[in-house]
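# Overview (structure and organization)
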Amino acid sequence: MNRFILLSVPFILVLQTSMAQSTQHQRDLTSNFQDALELFHKDQFASSKEAFEKLDIDVAGDGRSVDVAYYIGLNSLRGDFPEGPTALEAFILDYPGHPLSHDAAWELGNYFLAKKDYRKAISNFNLLQNVPLMEDRHPEYLFKTGYSYFQLKNYSQSKYYFERAKRYRGPFLASAYYYSGFSSFKENEFDLAVADLKEAGKSSEYSLKVPYILSAIYYQQDKLDSLIRYAAPLVDKSGLENKAQIHLLLAEAYYSDRNFSQAAFHYQSFLGEKRGQLSRDQKYKAGVANYETAQYEASSNFFKDVALVNDDLGQVSSYFLGHAYIQQKNLPFAANSFSSAYKMDFKPGIKEEALFNYAKVNLEMGKFQEAVSGLDNYLEQYPRGEKVNEAESLLSDALINTSNYLRAISHIQGMQQKSDRIKSAYQKVAFYQAMTYLRDNNYNGTLDLLNKSMRYPMDKGLLYQAQYWKGEVNAIHNKPDAAIQAYERLLAMSPPGNDPSLIKAHYGLGYAYFNEGQYEEAETQFKIYTDKLRNSNEKQQYDDALLRLGDVYYVQKKFDAASATFRRAVNENNQFSDYAYFRGGVVANFQNDNTAAIRQLDQVINNYPNSLYWEDAVFQKAQIHMEDLNYSQGRAVFSRLISSKPNSPFIPFALEGRAVANYSLKEYDKAIEDYKQILNRFPNASNGETALVGLQESLSLQGRSEEFSTYLSEYRSTNPSSSNLQNVEFEAAKSLVFNQSYAQAIKALEGFMRNYPQASQVPEAKFYLGDANLKMQHEDKALALFYELENTTDVNLKNRVFQKIATIEFERGNFSKSIPYFQFTADNARSIAEEYEAYFGLMISHYETEKYQRAIENADKILELGNITPDAEPNAWLIKGKSLQEINDSSGAAEAFQVLVDNYKTIQGAEGLYELARMKTEAGQYTASNELIFERSQPFSQYDYWYGKQFVQLAKNYLAMDEKFQAKATLESIIENSTDAEVKGEAEKLLATINESGE
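## Notes on the overall build of the chain
The number of helices and strands found in the chain is 53 helices and 0 strands. In terms of C-alpha radius of gyration, the chain reaches 54 Å, well past the compact-globule figure of 30 Å for 999 residues. Dimensions of the chain, computed from the C-alpha atoms along their principal axes, are close to 205 × 75 × 55 Å. Counting over 999 residues, the chain shows a buried share of 52%. Residue pairs at least 24 apart in sequence account for 52% of intrachain contacts in the chain once pairs closer than 6 positions are excluded. Of the roughly 47700 Å² of accessible surface on the chain, a fraction of 47% belongs to carbon and sulfur atoms. Of the side-chain charges in the chain, 104 are positive and 130 negative, and the distance between the mean point of each set is 2 Å.

## Describing the side chain of Arg 568
Relative to the helices and strands, Arg 568 is located in helix α30 (residues 559-571). Residues within four places of Arg 568 in sequence aside, it is in contact with Thr 530, Arg 534, Tyr 542 and Leu 546.

## Observations concerning helix α44 (residues 815-827)
Taking 1.5 Å as the rise per residue, α44 with 13 residues should run 18 Å; its terminal C-alpha atoms sit 18 Å apart, in good agreement. Turning to α44, its buried residues are Phe 815, Ser 818, Ile 819, Tyr 821, Phe 822, Phe 824, Thr 825 and Ala 826. Tucked inside the fold, the buried residues of α44 contact α42 (779-788), α43 (795-811) and α45 (832-848).

## Some words on the nonpolar core
Formed by 314 residues in total, the largest nonpolar core has its most connected members in Phe 52, Tyr 178 and Tyr 284. Counting residues per element, this core draws most heavily on helix α23 (residues 420-439), at 10 residues. If near-sequence neighbours (up to four positions away) are discounted, Phe 52 is found in contact with Phe 33, Ala 36, Leu 37, Val 68, Tyr 71, Ile 72 and Asn 75.

## Comments concerning the environment of Leu 240
Tracing the backbone through its elements, the reader meets Leu 240 in the loop between α12 (224-231) and α13 (243-256). For Leu 240 and Gln 777, which are 537 residues apart along the polypeptide, the C-alpha to C-alpha distance reads 88 Å. What Leu 240 contacts, discounting residues up to four positions off in sequence, is Leu 208, Pro 211, Leu 234, Val 235 and Ile 246.

## Structural notes on the pattern of salt bridges
In the structure shown here, the tally under the stated rule is 53 salt bridges. One connected set of salt bridges, linked through shared partners, spans Asp 544, Arg 548, Asp 551 and Arg 583.

## Regarding the packing of helix α50 (residues 926-936) against helix α51 (residues 944-960)
It is at 10 Å that the axes of α50 and α51 come closest, and there the two elements cross at 150°. By the angle between their axes, α50 is roughly antiparallel relative to α51. As for the relative orientation of α50 and α51, their crossing is left-handed in sense. For the pair α50 and α51, contact is made by Tyr 926, Ser 929, Asn 930, Ile 933 and Phe 934 and by Gln 950, Phe 951, Gln 953, Leu 954, Asn 957, Tyr 958 and Ala 960, respectively. Taken together, the residues of the contact of α50 with α51 break down into 7 nonpolar, 5 polar and no charged.

## Focus: unusual backbone geometry
One non-glycine residue, Asn 573, lies in positive phi territory at about 55°. Of note, Asn 573 is situated in the loop between α30 and α31 (577-590). The exposure class assigned to Asn 573 is exposed, which follows from its relative accessible area of 66%. Backbone geometry at Gln 740 places phi at a positive 65°, although glycine is not the residue there. Along the chain, the position of Gln 740 falls in the loop between α39 (725-738) and α40 (742-755). Assessed through its relative accessible area of 57%, Gln 740 is described here as exposed.

## So, the packing of α13 against helix α14 (residues 260-272)
Where α13 contacts α14, the axes come no closer than 8 Å and their chain directions differ by 160°. For the element pair α13 / α14, the angle class is roughly antiparallel. Crossing of α13 against α14: the hand is left-handed. For the pair α13 and α14, contact is made by Ala 244, Gln 245, His 247, Leu 248, Leu 250, Ala 251, Glu 252, Tyr 254 and Tyr 255 and by Phe 260, Gln 262, Ala 263, His 266, Tyr 267, Ser 269 and Phe 270, respectively. Its residues assigned to classes, the contact of α13 with α14 comprises 10 nonpolar, 5 polar and 1 charged.

## Topic: the side chain of Arg 583
Within the secondary structure, Arg 583 is located in helix α31. Discounting residues that sit within four places of it in the chain, Arg 583 has contacts with Asp 551, Tyr 554 and Phe 566.

## A short note on the environment of Phe 824
Looking at the secondary structure, you find Phe 824 in helix α44. Of the residues examined, Phe 824 reaches a relative accessible area of 13% and is grouped as buried. In sequence terms Phe 824 and Gln 803 are 21 residues apart; their C-alpha atoms lie 8.5 Å from each other.

## Examining the packing of aromatic side chains
Scanning the model with the defined rule gives 77 aromatic pairs in all. Centre to centre, the rings of Phe 143 and Phe 162 are 5.6 Å apart; their planes meet at 40°, and the pair counts as tilted. In this pair, Phe 143 is assigned in helix α7 (residues 137-151) and Phe 162 in helix α8 (residues 155-165), connecting sequence segments 19 residues apart. The lysine or arginine in question, Lys 49, covers the ring of Phe 81, its NZ or CZ lying 5.2 Å from the ring centre. The ring of Tyr 554 carries the charged tip of Arg 583 above its face, separated from the ring centre by 4.5 Å.

## What about the confidence of the model for the chain?
With 95% of its residues at a pLDDT of 70 or more, the chain shows a mean pLDDT of 89. The secondary structure element of the chain with the lowest average pLDDT is helix α1 (residues 2-41), at 60, and the one with the highest is helix α15 (residues 280-292), at 96. The low-confidence segment residues 1-19, where pLDDT is below 50, has 0 contacts with residues more than four positions distant or belonging to other chains.

## Digging into the environment of Ala 354
Topologically, Ala 354 is positioned in helix α19 (residues 348-365). Counting along the chain gives 16 residues from Ala 354 to Phe 338, while the straight-line C-alpha distance between them is 4.9 Å. Setting aside chain neighbours within four positions, we find Ala 354 in contact with Tyr 319, Phe 338, Ala 341 and Tyr 342.

## Some words on helix α5 (residues 99-114)
In an α-helix, one turn spans 3.6 residues, which is why side chains three or four residues apart end up on the same side. Taking 1.5 Å of rise per residue, 16 residues should cover 22 Å, and α5 covers 23 Å from first to last C-alpha, within 8% of that figure. Burial runs high along α5: 12 of the 16 residues are buried. Turning to α5, its buried residues number three or more, namely Leu 100, Ser 101, Ala 104, Ala 105, Trp 106, Glu 107, Leu 108, Gly 109, Asn 110, Tyr 111, Phe 112 and Leu 113. On its buried side, α5 packs onto α3 (65-78), α4 (84-94), α6 (118-125) and α7. Looking one or two residues beyond α5, the residue adopting positive phi is Lys 116, at roughly 65°.

Here is what the cut-offs are and how they apply
Residues numbered from 1 in each chain as written. Predicted model: local features only at pLDDT ≥ 70, side-chain atom pairs only at ≥ 80, totals over all residues. Heavy atoms only, no water. Helix = DSSP H or I, 4+ residues; strand = E, 2+ residues; numbered from the N terminus. Rg over C-alpha atoms; globule rule 2.2 N^0.38 Å. Buried < 20%, exposed > 50% of the residue type's maximum accessible area, 1.4 Å probe, protein only. Contact = heavy atoms within 4.5 Å. Areas by Shrake-Rupley, 256 points an atom, 1.4 Å probe, with all protein chains shown as cover. Lys, Arg positive; Asp, Glu negative; His and termini not counted. Charge placed at Lys NZ, Arg CZ, Asp CG, Glu CD. Expected span 1.5 Å × (residues − 1). Core = buried A, V, L, I, M, F, W, Y, C linked by side-chain atoms within 4.5 Å. Salt bridge = Lys/Arg side-chain N within 4 Å of Asp/Glu carboxyl O. Axes fitted to C-alpha atoms, helices over the stretch in contact; angles between N-to-C directions. Parallel < 35°, antiparallel > 145°, perpendicular 65-115°, else oblique. Left-handed = near helix turned anticlockwise from the far one by under 90°. Nonpolar A, V, L, I, M, F, W, Y, C, P; charged D, E, K, R; others polar. Phe/Tyr/Trp six-rings, centres within 6.5 Å; stacked < 30°, edge-to-face > 60°. Lys NZ or Arg CZ within 6 Å of the ring centre and 35° of its normal. pLDDT = per-residue confidence, 0-100.

As structure tokens, this is what we get:
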């Protein structure tokens, strides 16, 4: 026993020491564990993990090693360490059934749920299926498991868990109802879905979410009344989710219920939320809803998008769009819309209605050609259509007003039965086409159409006009007898005395008789004409007729009446007062009142320096001084003419007059020099022989008779007698040119020049040879011959040569070369016609060479001359407008183009309208440009190029205004109807850009 005790003492001492150390270690371990746990609760997962890892070494074999392993894994998961999920999964495998394994499964389930790895979330939540969980965790576990199945679209499984979760009151109850309802909705179990969602909607959490889903369910169930009753009171609730979609569902529901007012409101509300776009079908419905509630602008905004596609919906939308635009009084847009609708074949009834409405709208707009085409198509395609009677009535109105007169004439001529209304239309369109032919110089066509117009004399005034123009056409065509007969026929119709055609017929008859030398009859007509218009505001050709009346008196030697008439013209400020003064001077001379004669001639000389009669007046004044034996004054006036107008045809005669004056004043040397100038410069002048005699007398008086033989010899060589073979050959060759036998003329003239190289007629022969070559289209030969004559001293020949050179160079596009020749002919013109030809050439040449100010100046000169030819004034206004554009005078250009559009329904007017519209477009005035085209284009529809260009411009304006449907419809119409390849190509190219944009 003592031995046991002895042995035990050291053992006890050791044991006591060991126990003391163990107790201390336990206290330290517990403290460190608590410290690591505290770091975990403070979310310092990295530090906590490190602390627990150190504890793990110390507690090997200790009961808390499971806890340490759990927290190491949990810290790794919470701290988002890569090994976190693996660590906890390993813990579950190492400690199956341990309570902390259940916690690990819970943590992993939540982790994977947050990471949206729903399959792994379910896998971990499933580890807790038979584990008794705390009461507050159990509904959460059920909801989260169900939610994971929901996200995987396994709605039957999700509902299983949501149904169990719904048994617990708490924070997950509302969500369980919501997602349970949503799952039922996805499985088309709508009644179950509605019940659950209504429960969910009672909570604040889902009260703003549920309305959209419930509304969608009612819509899908086609319970539209339920949808309206449920959603309408809620849709304006603040914070409501998917409010835009609820508006859309309500709109669709109201539309189905034909409550268009509410449907329109909700479609607009949907768009107002800016949370999406309507489908094409929905846009159509929105268009109908707004249309039915008279909200036409909103309606058209929807329809025009739908109408961009060519299908049955697009056809109906185009048709409705047309009516919507009619209500907005936007007839051009309406016409395009109906046009688009009738071009599609999906709905025959709509097609027929659209075609009729297209024609009717165009007629209302005054676009008569389009109206005629539309009505014609309608009557052809729908001979038993319900609008046939109305279409026929409208067609007669359209035919009267169309500018495509030939088509109207052909259409009426093909009608078996012609009502009085149609006959009246035929009379008008035939007359209008006659006037078109007249403008185009188609005289035979003019007469033919005038006769057709007179076939149905429904309108007496128009009948008188047609008869008058028959006289005019024959007069223009140089058929005086036929002209007189036509005018007299009009007088025989006994129209009212103030009828415009009758009054103009008196003027035409006056000229016809005057040109035929029947002066007494001419006097009667000119007097009637001037008497009728003397006190009228509409003077027409009064000024010209009054002067012709004076001329008729003069020719009949009724000098007092002639003098009084010319004096009357001056007193009335006649636009041709220069001529009145000149003729008054001539008459006074015949009346032996030379003082009065010179006084009147001086009016021309001093006040009208650019008058065509200035040279005549100067020459006449000099002649009067010579008659009065005032040789010094006569010589001075002749000298003024010679120095002022060196190219005047009066020069040979002025030289003769001055020579006579010098001779009479005994200044024989000066007389000799004047006679020599005539013989040297004008060897073929008609007064050459007189000059030769005068030269002989003057040389004899000066004792220089020996000099005369030289001039006599030269004169004889250049002026053979008329019986001379040389002269006969020349006249024969020249007559071939006049007879238009150009090939023979060329041969004859070349033979003449070869046989008589020194003949005085060679320059003139060369001119005719050039003219014949020109007529045979040998331009190079002709031009070379004319250039050879450029320096001729024969004034009359030089003027003709310069005219030819100017014209050829102009037609070749050598505008710079043509300018000096046109300028010469302008400066030396002897008639208004010659002035016009020269000014026209100068105007175009200056424009083409970019001398725009000079082009404007010559355009103004043409306008001062008046409408010498049918296209004189419109050409001048067009070039003036385009030149003003080039020098950036936009307002001036616009004024010029406006004059064109207002006054000339010609091709120039058509171009002027295009330019005016384009100017407005460039200024950003798209609406004004469109209105101009719509309102003014119709009279120019026969000019296909410019008419087409106007509507291409219209399409461009639409694109700038974001009116793609209107642009597309306009371009399609151009492509279908235009006959101009360039215009069609431009339209096709522009249309392709619209189609490529995906619209």
